[in-house]
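Examination of the molecular architecture
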Amino acid sequence: MNAIPLFVSVFSIILILSSIHALSSCSLPRPRHVRIDHHDMDTHPDIVVVDTPIFSWSIDDEKYPCNGTSLRGIRQTAYRLTVVKKMSFYAPTQRLSVIYDSGRVISAVSINVLYNGPPLTSDTRYMYSIQYWSSTGAVSQSATGQFRTALFNPKNELTASWIGSRQINMNELRREFYIPQGVLSATVFMSGMGYGILHVNGVNVDSSRRFDPGWTTYTQRVLYVSYDITQFLTGPSTNCIGVQLGLGFYTNEQWGGGVPAPPPEVFGPPPRLLLQVNIVLSDHTTMNISTDTTWLGREGPHRKDSVYMGTFYDTRADRYNWSTAGFTDPYSLWLNASIIESPLTSSTGQLTYQSMDPIRISPYALHIATSASRTGYKAMPPGVIGGNVMDGGVFNATPLAAQQVPTYDVSQNIAGYCTLTITGRKGMTVSTRHAELLNEPGVDGIKYQGLNSANYQIITASDDFIIRGNPHEVLAPLFTYHGFRYISVYANYINIESVVCEAIHSETTLIGNFTSSSLVLNQIQHNILWSQLSNIMSIVTDCSQRQERRGWLGDAALSVDAALFNFDLYGIYVNSLRNIADVQHEDESIPDTAPNSVGGYVADPSWAHAYPEIIWRIYQHYNDTAVVK
């Protein structure tokens with residue numbers, strides 16, 4: 001239908017959409033678990049659409065909300081989908097347009113319903129409403145929510161340039177700017193090579209996110225992320241944006257096994273940043289802030305970061321207000337950034353939105369959607385060793401006795417890092433080392449065990465800090481993670497107050513689990529869940545501890561079916577398919593790894609069959625024919 005302009009409050013539009021049909025005296029409950037492009041609205045409040053959206057929902061099978069009558073056996077016979085265009089998610093009164101109203105569609109389908117309205121526009125906010133009719137003739141209440149769109153053509157829509165420095169390790173950048181009036185909406189589109197953390201007016205806008213953007217074949221495809229920062233900006237006033245950069249896999253450390261590295265001028269270091277802020281002002285005019293040579297940068301407190309070797313962090317160089325307006329720093333060298341080469345050197349290279357869920361630290365990384373989330377039952381089966389996957393993934397490490405170096409036990413292997421709380425004097429050093437095993441009790445009268453890191457081979461898996469000397473100082477690495485169970489803390493004359501370790505993995509939801517009368521089977525299932533979580537880091541990795549952590553396709557092919565029974569990993573595996581396509585040769589051959597950083601070309605069939613295998617399993621688990629096409 002044609003767009004209908006309205007000028008009403010957001011509350012009014014909800015009432016309008018909820019009243020499209022008169023509700024019966026005992027209406028059905030609203031649709032549950034609404035998903036847009038396979039993102040669950042219950043756990044993802046900021047969904048970004050990259051193309052024509054796909055909607056899914058489920059029908060509550062419990063009770064009528066008004067009288068408690070059972071809903072078992074109720075079937076959907078029709079639905080209605082409405083989409084409204086908005087200027088802002090936050091303005092109480094604004095101009096709205098109903099751009100699509102499906103009307104009553106006679107259909108029992110509630111999975112993968114394709115939006116069939118006018119094309120959506122880039123960087124735009126929308127609201128939806130979903131109703132269904134049941135086999136009893138009753139109509140449901142409306143499920144309402146919102147989503148926004150990515151940049152549909154970044155090449156033409158971005159005015160930003162890649163910036164950085166070849167003179168210093170410029171891993172902390174900032175830009176102040178004046179906003180002349182109130183803000184209706186503000187959206188950041190950003191890619192930091194290898195990783196970027198966004199701060200606005202002194203606040204980390206999403207402090208649980210890590211390792212953005214995900215690992216790809218950077219010369220062929222670079223991912224960007226997006227944030228709605230409307231509530232972080234003020235006008236009329238001066239505002240500030242800051243970004244911390246880490247190298248991640250954007251280093252020569254990822255290359256090995258005969259795979260040649262790209263030329264050094266297009267492959268890090270140095271780190272580099274691409275960022276644009278699109279702002280809609282209260283009078284509906286627009287402005288944007290883009291990365292250019294007016295940005296200022298310096299080497300921040302993290303002097304070195306490596307996925308394999310760990311972090312070197314000098315907390316004395318922290319500037320707590322560095323991303324606020326009016327900040328001055330007489331102790332650091334802030335230089336104007338330089339325009340620097342784009343990592344996209346391929347003639348078919350693309351900048352694309354990171355549509356998969358981000359990597360997060362626990363307890364924000366895992367959602368629970370099994371029966372335990374309803375019944376409240378979260379206890380592990382008796383006798384199972386390790387941490388309960390339903391407890392949030394945060395471990396209070398316990399000190400081990402009779403160790404020459406203070407050593408702590410997490411209780412099981414995890415992929416993540418530890419946050420230390422310590423008290424010491426300014427300039428003192430704290431170093432950590434990680435391992436999955438302990439040595440056997442010593443020989444020749446030495447009674448301590450110590451870490452056994454032989455299986456880490458040539459990497460150190462260490463984090464080193466120079467401390468500020470504040471009481472109860474908190475130390476944590478920014479741009480690395482380790483696969484470990486034990487951590488030793490080297491801290492001479494420093495009081496170690498606590499060691500708390502957080503699991504890190506791509507955000508996901510536990511959708512399947514089981515227990516049995518067999519302790520062996522229960523322990524195996526427990527180990528499978530944690531092993532899968534430890535090896536989803538925007539790609540499916542082969543291990544989490546040594547100098548690998550790569551996208552070996554044999555591992556992905558063997559584990560995809562089991563993983564999709566346990567976790568909602570649609571985005572991860574679609575990204576894996578794109579990574580394979582990025583490194584596929586013209587003769588259609590593919591390598592052993594994707595991104596291809598080690599291994600052979602052409603892959604052994606047991607590795608290469610990951611391509612059709614992952615496609616087939618996604619179709620089986622999600623009924624998604626678009627992936628097959």
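- The name an unreviewed UniProt entry gives the protein is alpha-L-rhamnosidase, with Didymodactylos carnosus as the organism.
- In its Catalytic activity (unreviewed entry) section, UniProt records this for the protein: "Hydrolysis of terminal non-reducing alpha-L-rhamnose residues in alpha-L-rhamnosides."

**Regarding the sheet that holds strand β3 (residues 39-40)**
- What the four strands build is an open sheet, ordered β3-β2-β5-β9; its pairing is antiparallel. Each end of this open sheet is capped by a strand with a single partner; those strands are β3 and β9 (113-114).
- Examined bridge by bridge, strand β2 (residues 32-36) and strand β5 (residues 54-58) share three bridges and lie antiparallel to one another. Of the residues in β5, the one forming a bridge with R35 is S56.

**Some details on the packing of aromatic side chains**
- What the rule picks out here adds up to 18 aromatic pairs.
- Between F211 and Y481, the aromatic rings sit 5.9 Å apart at their centres with planes inclined by 40°, giving tilted as the arrangement. Taken together, the residues span a long stretch of sequence, with F211 in the loop between β17 (209-210) and β18 (221-228) and Y481 in the loop between β37 (473-475) and β38 (482-490) at a distance of 270 residues.
- Each ring, one from W616 and one from Y619, has its centre 5.5 Å from the other, and the planes form 35°; the classification is tilted. With W616 and Y619 both in helix α8 (residues 610-622) and three residues apart, the pair spans about one turn of that helix.
- Taking relative accessible area as the criterion, Y619 reaches 29% and is therefore assigned partly exposed.

**Quick word on unusual backbone geometry**
- The omega angle of the peptide bond from M193 to G194 is -10°, so this bond is cis rather than trans.
- Mapped onto the fold, G194 is located in the loop between β14 (183-193) and β15 (195-200).
- Even without being a glycine, S411 presents a positive backbone phi close to 95°.
- One can find S411 in strand β32 (residues 407-423).
- If you check the backbone angles, A461 has positive phi at about 50° while not being a glycine.
- Take A461: it is sitting in the loop between β35 (451-452) and β36 (462-466).

**Some points on a nonpolar patch on the surface**
- On the surface, F514, V520, L521, I524 and I528 cluster together into a nonpolar patch covering about 430 Å² of accessible area.
- Tracing the backbone through its elements, the reader meets I524 in helix α4 (residues 519-534).
- The exposure class assigned to I524 is partly exposed, which follows from its relative accessible area of 42%.

**Looking at the pairing of strand β20 (residues 272-281)**
- Burial within β20 is extensive, with ten of its ten residues counted as buried.
- Sheet topology places strand β12 (residues 163-164) next to β20; two bridges connect them, and they run antiparallel. Following the sheet pairing, I163 is matched in β20 by L273.
- Hairpin remark: β20 followed by strand β21 (residues 286-290), antiparallel, with four residues in the connecting loop; positive phi at H284, about 75°.

What counts, and at which threshold
- Note that residues are indexed from 1 along each chain, following the sequence as it is written.
- Per-residue local features are limited, in this predicted model, to residues with pLDDT of at least 70; the limit for side-chain atom pairs, both in listing and counting, is 80 or more; totals at the level of whole chains, interfaces and linings are taken over all residues.
- Side-chain measures here rest on the full set of heavy atoms in the structure, leaving out hydrogens and waters.
- UniProt positions are given in the numbering used here, feature names are shortened, and annotations may be inferred rather than shown by experiment.
- Two strands qualify as a pair provided that DSSP identifies no fewer than 2 bridges between them.
- Numbered from the N terminus, helices here are DSSP runs of H or I no shorter than four residues, and strands are runs of E no shorter than two.
- A pair of Phe, Tyr and Trp rings is counted when the ring centres sit within 6.5 Å of each other, with Trp represented by its six-membered ring. The angle between the planes then sorts it: under 30 degrees is stacked, over 60 is edge-to-face, the rest tilted.
- Each residue gets one of three labels from its accessible area relative to the maximum for its type: buried under 20%, exposed over 50%, partly exposed in between, using a 1.4 Å probe on protein chains only.
- By definition, no residue in a patch forms a salt bridge, and every one has over 30% relative accessible area; like charges are joined within 9 Å, nonpolar side chains (Val, Leu, Ile, Met, Phe, Trp, Tyr) within 5 Å.
- Exposure was quantified through the Shrake-Rupley algorithm and a 1.4 Å probe, taking into account, for residues, occlusion by the shown protein chains and nothing else.
- Salt bridges are counted wherever a side-chain nitrogen of Lys or Arg sits within 4 Å of a carboxyl oxygen of Asp or Glu.

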